[in-house]
Each structure stands twice: as C-alpha cells, then as structure tokens.
Amino acid sequence: MTSTDLTAAGTSSVFIPGPATPYQGDIARYWDHEARPVNLRLGDVDGLYHHHYGIGDIDHAALGDTEDSAYEKKLIAELHRLESAQAELLLEHLGSIGRDDTLVDAGCGRGGSMVMAHQRFGCKVEGVTLSAKQADFANQRAHELGIEDHVRARVCNMLSTPFETGQAAGSWNNESSMYVDLHDLFAEHSRVLQVGGRYVTITGCWNPRYGQPSKWVSQINAHFECNIHSRREYLRAMADNRLVPQAVIDLTPDTLPYWELRATSSLVTGIEEAFIESYKDGSFQYVLIAADRV
Ligand SMILES: C[S@@+](CC[C@H](N)C(=O)[O-])C[C@H]1O[C@@H](n2cnc3c(N)ncnc32)[C@H](O)[C@@H]1O
Ligand SMILES: CC(C)=CCC/C(C)=C/COP(=O)(O)OP(=O)(O)O
Ligand SMILES: [Mg+2]
C-alpha cells in the first residue's frame, strides 16, 4: 500500500492510505496542481475559497461602468458574491443544525463552504478531499480564522470515511459528486448520517430528456477529468440508499447569469462556452437535491 505522511506538510501525523484507485490518484494530482486565478482571485476577496459556480441575478449597480478602471475588481467581487450565494443556498437546505452537531463536507476543496457552515450554525464541520494541498489550505484558513477546533479537512476518500455510523446531522457534496460512483457515494452518506439527518447536493447533471450526454457535457468531463451523471442516476441511487428527496430544484436559470458574466471577464478558462451552450440546449442542468436520511 502506498501512503502519505503529511507531517512535513503540517496537516497531520496520521498515516493516510494512498488513493483507492489510479483514477483517484489522477484527481488528487489534478487538485494538488490547480491554481487558476478565477478561483484564487475570487477567494482573495474575503478569504472564502470556492471551487463551485455561482447563482443569482447580477447586481449591475454594484458593477458600474465597464469603462471604469475599477470595473475588473468589481466584476471579480460580483462573481465571488454569486459563488457564496450558491453555498448559502446549499446550507439553507440542511435545515436546522445545532452548535453541538457535526456536518460532513464530501469533497471539500479549499474549504470555503465549511467555513460558511461553521459561521452559520456554530457547529463542527469535517471535510474530506483527495488533495493534500487543498486540505492544508483549508486547515490553514481555519487556523487563521481561529476556528481550527471546529473546521477540519482531511485527505480521505469520500467513499470510505473515518466517520462513525450516524455521526452526522447533515452532509453534502458541493460539485464533487461527478468524481465517484453514486451508489457507493450515497451508501457512505447514508451510513454516516443519523436517521432524520439531511443530505444536500448541488451538482451539474445531464438531462435524460436530451437522450445521452451532449458534446458539451463530454467537453466538461474532459476539461475536469470527471464523469457527469444523469439526473435519473442521482434519484435512483438516493432511493436505493435510504435518501428520500425533499426538494429537487432546477438552478439552471439561476446560474446562467454567472456564466454569461464570467465569459466577459479576463479570468476566463475556456470552459465557459460549454456550460452556457449545454444549459441553453437543455442537455445539462444545474440542480440542488436535498434528501432526508430515513
Ligand atoms: C470541484 S471541487 C469542489 C470543492 C468544494 N466542494 C467547493 O464547493 O468548493 C471537487 C472536490 O472533490 C474532491 N474529490 C473528488 N473525488 C473525491 C473522493 N473520491 N474523495 C474525496 N474527495 C474527492 C476533490 O478533491 C475536490 O476537492
Ligand atoms: C458543475 C460541474 C460539472 C462541475 C465539475 C466540478 C468542478 C470542476 C467544479 C468547479 O471547480 P473550479 O471552481 O475549480 O472550476 P473553475 O476553475 O472553472 O472555476
Ligand atoms: Mg471556480
């Protein structure tokens, strides 16, 4: 078995098993090397670093005149505001969470959603990511904010977590479920959640009404080395794992303004067209699913 001793990286002295599969090794490397300005410059706005997209209407008054020398800075702040609004919507769907509760963020990235969850509920938040760089980053931010006793990221496979059965009052995947088999994923959430606990995901999924994944969906998969599932697959895998949907919200119209604004910025990455076109032709959807663990 391969292993990583993260003592030198400052994260933990515990023995961490290597990736469960060669694919997971690819994904760990991908996120270890990720440093796109569209993510870092947005995170620098207020110290919440996200790896997900935005929702909501553009505040044109806040953006002001495109000719203004401060316009680009305002544009970055606006994109960041929309990404944080996305995380707020996800957290809202966790329902009422107490200070003594524990939440699990599966695929936590640099930890922006974890910090927001702690600030909202005062509770413990445990995150897992395949990337040691991301876990270090998230733990460093928690330390800087003085919340390291409540917010912690670990290098760990979300399909096989160290959490106790029934430990969590809530758990979520924020744009991280397209890297795993959904039956395996929901079996693990179902194990970790207490009965009556709440699971929430915000994800991009292909639309069964379109027929099969469109060329745009294939382009997004290739760009991120992920495997986008269909909406039908989500609902089936939840039903098979004691997760009963309470809300299924199509956020596609709410995320389009974010993409159209982002496409005009200097921080474009080249994937904007695929998101805009697939949302418009109906082959791809941005959805929130909130489910009760029964
Ligand atoms: C697009 S990022 C989303 C990050 C975060 N949820 C957010 O909203 O900012 C995808 C994340 O999923 C994580 N991930 C992918 N497969 C994973 C797995 N099998 N176990 C744990 N984390 C995984 C990656 O390491 C990365 O942190
Ligand atoms: C909705 C779908 C299909 C998401 C795929 C997962 C993903 C890579 C999310 C955004 O990460 P990011 O914030 O690092 O990406 P970017 O650099 O494009 O902002
Ligand atoms: Mg991003």
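Conventions and cut-offs
- Residues numbered from 1 in each chain as written.
- Chains lettered and ligands numbered in written order.
- Predicted model: local features only at pLDDT ≥ 70, side-chain atom pairs only at ≥ 80, totals over all residues.
- Heavy atoms only, no water.
- Disulfide = S-S within 2.5 Å.
- Buried < 20%, exposed > 50% of the residue type's maximum accessible area, 1.4 Å probe, protein only.
- Salt bridge = Lys/Arg side-chain N within 4 Å of Asp/Glu carboxyl O.
- Helix = DSSP H or I, 4+ residues; strand = E, 2+ residues; numbered from the N terminus.
- Axes fitted to C-alpha atoms, helices over the stretch in contact; angles between N-to-C directions.
- Parallel < 35°, antiparallel > 145°, perpendicular 65-115°, else oblique.
- Left-handed = near helix turned anticlockwise from the far one by under 90°.
- Contact = heavy atoms within 4.5 Å.
- Nonpolar A, V, L, I, M, F, W, Y, C, P; charged D, E, K, R; others polar.
- Near = heavy atom within 4 Å.
- Polar contact = N/O pair within 3.5 Å; in protein donor to acceptor, adjacent residues only side chain to side chain.
- Areas by Shrake-Rupley, 256 points an atom, 1.4 Å probe, with all protein chains shown as cover.
- Core = buried A, V, L, I, M, F, W, Y, C linked by side-chain atoms within 4.5 Å.
- Phe/Tyr/Trp six-rings, centres within 6.5 Å; stacked < 30°, edge-to-face > 60°.
- Lys NZ or Arg CZ within 6 Å of the ring centre and 35° of its normal.

As annotated in an unreviewed UniProt entry, the protein carries the name Class I SAM-dependent methyltransferase and is attributed to Streptomyces virginiae.

A.B. asks: Whenever I open this one, the state of the cysteines confuses me. Can you help?
C.D. replies: Here the structure, examined in full by the defined rule, presents zero disulfides. Cys-123 forms no disulfide, and the closest cysteine sulfur to it belongs to Cys-108, at a distance of 14 Å. Judged by relative accessible area, Cys-123 falls into the buried class, the value being 0%. Take Cys-156: it sits in no disulfide, and the sulfur closest to it among the cysteines is that of Cys-108, at 9.9 Å. Look at Cys-156 and you get buried, because its relative accessible area is 15%.

A.B. asks: Sorry, what's going on with the pattern of salt bridges here?
C.D. replies: Any two side chains of opposite charge can pair, on the condition that their charged atoms come close. As enumerated under the stated definition, the model contains 13 salt bridges in all. Note that Glu-34 and Arg-110 form a salt bridge whose closest N and O atoms lie 3.1 Å from each other. A residue pair is termed long-range when its members are at least 10 positions apart, and Glu-34 in the loop between α1 (22–32) and α2 (37–43) and Arg-110 in the loop between β3 (102–106) and α5 (112–121) qualify at 76 residues. Judged by its relative accessible area of 5%, Glu-34 falls in the buried class. Owing to a relative accessible area of 11%, Arg-110 belongs among the buried residues under this scheme. One salt bridge connects Asp-292 with Arg-198, and the closest N-O pair in it is separated by 2.8 Å. Within this pair, whereas Asp-292 is found in strand β9 (residues 284–293), its partner Arg-198 is found in strand β7 (residues 193–206), the two being separated by 94 residues in sequence.

A.B. asks: What exactly am I supposed to notice about the packing of helix α7 (residues 182–192) against helix α9 (residues 231–239) here?
C.D. replies: One can describe the packing of α7 onto α9 by two numbers: an axis separation of 9 Å at closest approach and a directional angle of 40°. For the element pair α7 / α9, the angle class is oblique. In terms of crossing hand, the pair formed by α7 and α9 is right-handed. Residues Leu-182, His-183 and Phe-186 of α7 form the contact with α9, whose own contacting residues are Glu-233, Tyr-234, Arg-236, Ala-237 and Met-238. Taken together, the residues of the contact of α7 with α9 sort by class into five nonpolar, one polar and two charged.

A.B. asks: What am I meant to see in the packing of helix α4 (residues 71–92) against α5 here?
C.D. replies: Pairs of packed helices are described in terms of their axes, by the angle between the two and the distance that separates them. The geometry of α4 relative to α5 is characterised by a closest axis approach of 10 Å and an angle of 55° between their N-to-C directions. Relative to α5, the element α4 lies oblique. Crossing hand, α4 versus α5: right-handed. The segment α4 lies against α5, with Ser-84, Ala-87, Glu-88, Leu-91 and Glu-92 engaging Ser-113, Met-116, Ala-117, Arg-120 and Phe-121. Tallied by class, residues from the contact of α4 with α5 come to five nonpolar, two polar and three charged.

A.B. asks: Honestly, α1 in this entry has me stumped. Any pointers?
C.D. replies: Three- or four-residue spacings in an α-helix give side chains the same orientation, since the helix completes a turn every 3.6 residues. Along α1, the positions that sit buried rather than exposed are Gln-24, Gly-25, Ile-27, Ala-28, Tyr-30 and Trp-31. Packed against the buried residues of α1 are α6 (132–144) and α8 (215–224).

A.B. asks: How do you make sense of unusual backbone geometry when you look at a structure like this?
C.D. replies: With the exception of glycine, the majority of residues adopt a negative phi angle, and the majority of peptide bonds are in the trans configuration. The phi dihedral of Glu-175 falls on the positive side, at around 50°, and the residue is not glycine. Since its relative accessible area comes to 13%, Glu-175 is described here as buried. Phi at Arg-242 takes a positive value of approximately 60°, unusual for a residue other than glycine. With respect to the helices and strands, the residue Arg-242 is situated in the loop between α9 and β8 (243–250).

A.B. asks: So what exactly am I meant to see when it comes to the site of ligand 1 here?
C.D. replies: Near ligand 1, the surroundings consist of 22 residues, among which His-51, His-52, Gly-107, Gln-134 and Asn-174 are the closest. Contacts to ligand 1 include Gly-107, whose backbone N or O atom sits 2.6 Å from a nitrogen atom. Between ligand 1 and the protein, one listed contact pairs an oxygen atom with a backbone N or O atom of Gly-109 at 3.1 Å. Protein coverage of the free-state accessible area of ligand 1, which is 600 Å², stands at 98%. Per-element tally for the shell around ligand 1: the top contributor is α1, with three residues. Here the residues of the shell around ligand 1 sort into nine nonpolar, twelve polar and one charged.

A.B. asks: Help me understand the nonpolar core in this model?
C.D. replies: One broad rule of soluble globular proteins: the nonpolar side chains tend to lie buried together. Membership of the largest hydrophobic core comes to 67 residues, with the highest contact counts inside it found for Leu-103, Trp-172, Phe-224 and Phe-275. Looking at which element gives the most residues to this core, the answer is α4, with nine residues. If you look at the next biggest cluster of nonpolar residues, it comprises 22 residues, including Val-192, Leu-193, Ala-237 and Ala-291.

A.B. asks: It is not clear to me how the packing of aromatic side chains should be interpreted in this structure. Could you clarify?
C.D. replies: Between two aromatic rings, the relevant description is the distance of the centres plus the angle of the planes. Counted under the stated rule, the structure contains 13 aromatic pairs. Relative to Trp-31, the ring of Tyr-30 has its centre 4.8 Å away and its plane inclined at 75°; by these criteria the two rings are edge-to-face. Looking at Tyr-30, the relative accessible area reads 14%, which means it is buried. Plain terms: the ring middles of Phe-275 and Tyr-279 are 6.0 Å apart, the flat faces sit at 55° to each other, and that makes the pair tilted. Of this pair, Phe-275 and Tyr-279 both sit in helix α11 (residues 272–281), four residues apart, which is roughly one turn of that helix. By relative accessible area, Phe-275 is classed as buried at 4%. Since its relative accessible area comes to 6%, Tyr-279 is described here as buried. A network of ring pairs unites the aromatic residues Tyr-53, Tyr-258, Trp-259, Phe-275, Tyr-279, Phe-284 and Tyr-286 as a single cluster. Across the ring face of Phe-137, the terminal group of Arg-110 is positioned such that the distance to the ring centre comes to 4.6 Å.

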